[in-house]
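Close look at the chain arrangement
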Amino acid sequence: MPTKSAETRNETDGRGGTRRPSSAARPRRDTGTARRAAGWARRAPLLPALVFLVVVTQLPFVATVVISFTRWNALAPDNKGFAAFDNYKAVFTDPAMRSAIWTTVLLTVTVVLVSLVLGLGLALLLDRKFWGRGVVRTMLITPFLVVPVAAALLWKHALYNASYGLINGTLTWIWKLFGSADPPQPDWMTASPLAAVEVALIWQWTPFMMLILLAGLQSRPADAVEAARVDGASAFDVFRYLTLPHLRRYLELAALLGTVYVVQNFDAVFTITSGGLGTANLPYTIYQTFYQAHDYGRASAQGVVVVVCSLLVATFALRTVSSLLREEVTR
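Quick notes on the rules
- Residues numbered from 1 in each chain as written.
- Predicted model: local features only at pLDDT ≥ 70, side-chain atom pairs only at ≥ 80, totals over all residues.
- Heavy atoms only, no water.
- Helix = DSSP H or I, 4+ residues; strand = E, 2+ residues; numbered from the N terminus.
- Buried < 20%, exposed > 50% of the residue type's maximum accessible area, 1.4 Å probe, protein only.
- Contact = heavy atoms within 4.5 Å.
- Areas by Shrake-Rupley, 256 points an atom, 1.4 Å probe, with all protein chains shown as cover.
- Expected span 1.5 Å × (residues − 1).
- Bend = angle between axes of the 7 residues up to and from the residue.
- Salt bridge = Lys/Arg side-chain N within 4 Å of Asp/Glu carboxyl O.
- Core = buried A, V, L, I, M, F, W, Y, C linked by side-chain atoms within 4.5 Å.
- Polar contact = N/O pair within 3.5 Å; in protein donor to acceptor, adjacent residues only side chain to side chain.
- Phe/Tyr/Trp six-rings, centres within 6.5 Å; stacked < 30°, edge-to-face > 60°.
- pLDDT = per-residue confidence, 0-100.
- Axes fitted to C-alpha atoms, helices over the stretch in contact; angles between N-to-C directions.
- Parallel < 35°, antiparallel > 145°, perpendicular 65-115°, else oblique.
- Left-handed = near helix turned anticlockwise from the far one by under 90°.
- Nonpolar A, V, L, I, M, F, W, Y, C, P; charged D, E, K, R; others polar.
- Patch = residues over 30% accessible without salt bridge, like charges linked within 9 Å, V, L, I, M, F, W, Y side chains within 5 Å.

1. So, the overall build of the protein chain
- Scanning the protein chain for helices and strands turns up 14 helices and four strands.
- When each of the 331 residues of the protein chain is scored for burial, the buried share is 32%.
- For the protein chain, restricting intrachain contacts to residue pairs at least 6 apart in sequence, the fraction spanning at least 24 positions comes to 68%.
- Within the structure as shown, the protein chain displays about 20,800 Å² of accessible surface, and the carbon and sulfur contribution to it stands at 67%.

2. Focus: helix H9 (residues 193-218)
- Here H9 spans 38 Å end to end across 26 residues, near enough to the 38 Å set by a 1.5 Å rise per residue.
- A bend of about 35° at Trp205 is the largest found in H9, and the proline Pro207 appears one to four places after it.
- Counting buried positions over the 26 residues of H9 gives 20, a clear majority of the element.

3. Regarding the pattern of salt bridges
- Overall, the coordinates contain four salt bridges when judged by the stated rule.
- Its salt-bridge partner being Arg248, residue Glu252 comes within 2.9 Å of it at the nearest N-O pair. Residue Glu252 and its partner Arg248 are both found in helix H11 (residues 235-263); the two are separated by four residues, about one turn of the helix.
- By relative accessible area, which is 28% here, Glu252 ends up partly exposed.
- Note that Arg298 is salt-bridged to Asp295, the shortest N-O span being 3.8 Å.
- The buried category is assigned to Asp295, whose relative accessible area is 16%.

4. Some details on the side chain of Thr104
- Structurally, the position occupied by Thr104 is in helix H4 (residues 95-126).
- In contact with Thr104, other than residues within four places in its own chain, are Val263, Asn281 and Leu282.

5. Notes on the nonpolar core
- Core analysis: the biggest nonpolar cluster contains 37 residues, and Leu107, Val197, Leu201 and Ile272 have the highest contact counts within it.
- Where this core is concerned, the elements lending two or more residues are H4, helix H6 (148-159), H9, H11 and helix H12 (267-273).
- Among the elements that take part in this core, H9 stands out by supplying 14 residues, more than any other.

6. Focus on helix H13 (residues 282-292)
- The set of residues buried in H13 consists of Leu282, Pro283, Tyr284, Thr285, Ile286 and Thr289.
- Of the residues that open H13, the one with a side-chain oxygen 3.3 Å from the backbone nitrogen of Tyr284 is Asn281.
- Downstream of H13 by a residue or two, His294 has a phi angle that is positive, lying close to 60°.

7. Focus: the packing of aromatic side chains
- According to the stated counting rule, one finds 20 aromatic pairs in the structure shown.
- Judged by centre distance (5.2 Å) and plane angle (90°), the ring pair of Trp72 and Tyr296 falls under edge-to-face. Of the two residues, Trp72 is situated in the loop between strand S3 (70-71) and strand S4 (81-82) and Tyr296 in helix H14 (residues 296-330); the sequence distance between them amounts to 224 residues.
- What makes Trp72 partly exposed here is its relative accessible area of 28%.

8. Some details on the environment of Gln292
- With respect to the helices and strands, the residue Gln292 is situated in helix H13.
- Residue classification places Gln292 among the partly exposed positions, given a relative accessible area of 45%.
- Ignoring any residue separated from it by four or fewer positions in sequence, one finds Gln292 in contact with Tyr284 and Tyr287.

9. A look at unusual backbone geometry
- Even without being glycine, Leu277 reaches a positive phi, approximately 60°.
- Take Leu277: it is sitting in the loop between H12 and H13.
- Classification of Leu277 as exposed rests on a relative accessible area of 58%.

10. Section: the confidence of the model for the protein chain
- Here the protein chain averages 82 in pLDDT, while 88% of its residues score no lower than 70.
- Taken together, the stretch residues 4-14 has pLDDT below 50 and engages in eight contacts with residues farther than four places along the chain or on a different chain.

11. Some thoughts on the packing of helix H5 (residues 133-145) against H9
- Between H5 and H9, the shortest axis-to-axis distance is 6 Å and the interhelical angle comes to 130°. Classified by the interaxial angle, the pair formed by H5 and H9 is oblique. Our pair here, H5 against H9, has a crossing hand that is left-handed. Judged by residue contacts, Arg137, Leu140, Ile141, Pro143 and Phe144 of H5 engage Trp203, Gln204, Trp205, Pro207, Phe208, Met210, Leu211, Leu214 and Gln218 from H9.
- Residues belonging to the contact of H5 with H9 are distributed by class as follows: 11 nonpolar, two polar and one charged.

12. A short note on a nonpolar patch on the surface
- Taken together, the side chains of Trp40, Leu47, Leu50, Val51, Phe52, Leu53, Val54, Val55, Val56 and Leu59 present a nonpolar region at the surface, about 960 Å² in accessible area.
- Counting residues per element, the nonpolar patch draws most heavily on helix H2 (residues 47-68), which supplies nine residues.
- In this structure, Val56 sits in helix H2.
- Under the relative-accessibility criterion, Val56 is labelled partly exposed at 43%.

13. Comments concerning the side chain of Ser300
- The residue Ser300 is located in helix H14 in this model.
- For Ser300, the residues in contact, after removing those within four places along its chain, are Thr64, Ile67 and Ser68.

Listed below in structure tokens is the structure:
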């Protein structure tokens, strides 16, 4: 009878059964161990950054959630204790909070939509080749690089001020050109407080929208545009049927990211109007509750509500980014 080779011969156990040779299982176990070790070796350098991120971002948020369920007002230290959902009930039934939510929605929608339209127009202009395009692009980006508080101070004192502001100074100069000695000198921050904040934010966020949309324009397939022009399509037809559908994802991304940031804006409201005359948004209302009313529990509940709403918007933004990346990979 032919004998089995050493590589294929099975070993018998004490009950007459057969078992796989131990040399076949050992390499598999060694391979799995090596793969896990290699995975940990790749992840180990990221662990300190992950721990730091959790400590800096997640632990304070957890503390905020815990405080939001407590009755804690610095003006009444003896009345401190567990409040269950009382702070959240107060948040959703407070008229000032409802007014702040409406102001935040109106401010965010206006700033994002107007910034998108202006950013799209500037992106279309910068997508063309002309002399000095690099300098013009740098100058248009500059407002987004200005520190938010400095930008708000610039608009409050250099532009809006009724006595020495540039806007009223320009009105005075124009009226003098036509021989009038009584030019209008409106107090912009008192006459239109919310519009004053919106204009300052639009000036600052339009470059951000322009950058995203310009990146989308430069990723257009040039051959499709050239083919449409050869077929006799007008510039409006190219924009309507080729450019705008291609920019849809970029418009969504710009709108979502702009919404996340503008909802959290505090600098412009605090600096220009100090939250007065119906301009108090959610961040400023939280500031008032925490630093002026010293109600730490209710302020924490307000902060948790704002964070949850921002996370919902950020989730859609991340999905949009992921879809954009998938489209780029499949090209």
